[in-house]
Amino acid sequence: MQEITLMPGRMHGLARQQSLRGWLAILLLSAGGRLISWAWHVAPAADREAPVEGLEFHADADGAGRLYIDGQLQGTLAGVQRL
């Protein structure tokens, strides 16, 4: 079994003595993380749908709110008095 020696390090408090393979793994993982971060910044934003025209909301005395689109009932929201 390989013996690991611990020594103080700047970044993580303790740095382990690593083999070349271990250092290469750390380097590749950190580079991969940076590439993923950059990909999120460069990726195009998702298209948003246009707001619905003719949306109406009416609250009734029975405690239910009703959603209408172009005068047609689309759904009921129980316990909602206002949006």
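Structure: see above.
Remember, predicted model here, so these are calculated numbers, not experimental data.

*Asks:* So, the sheet that holds strand E3 (residues 55-59): which residues are in play, and what are the values?
*Replies:* Strands sit in the order E3-E4-E5 across an open sheet of three strands; the sheet is antiparallel. Each end of this open sheet is capped by a strand with a single partner; those strands are E3 and strand E5 (72-78). Across the sheet, the mean angle separating the axes of adjacent strands is 25° when strand polarity is ignored. Taken together, the six bridges between strand E4 (residues 64-69) and E5 define a ladder with antiparallel strand orientation. Note that in E5 the partner of Arg 66 across the bridge is Thr 76.

*Asks:* Can you lay out helix H1 (residues 20-42) for me, pointing to particular residues and giving the numbers?
*Replies:* Every α-helix winds through 3.6 residues per turn, so residues three or four apart in the chain are directed the same way. Here H1 contains 23 residues, and its C-alpha end-to-end distance of 33 Å stays within 8% of the 33 Å for a straight helix at 1.5 Å per residue. The buried fraction of H1 amounts to one of the 23 residues, a small share that puts the element mostly on the outside.

Conventions used here
Residues numbered from 1 in each chain as written. Predicted model: local features only at pLDDT ≥ 70, side-chain atom pairs only at ≥ 80, totals over all residues. Heavy atoms only, no water. Pairing = 2+ DSSP bridges. Helix = DSSP H or I, 4+ residues; strand = E, 2+ residues; numbered from the N terminus. Axes fitted to C-alpha atoms, helices over the stretch in contact; angles between N-to-C directions. Expected span 1.5 Å × (residues − 1). Buried < 20%, exposed > 50% of the residue type's maximum accessible area, 1.4 Å probe, protein only.

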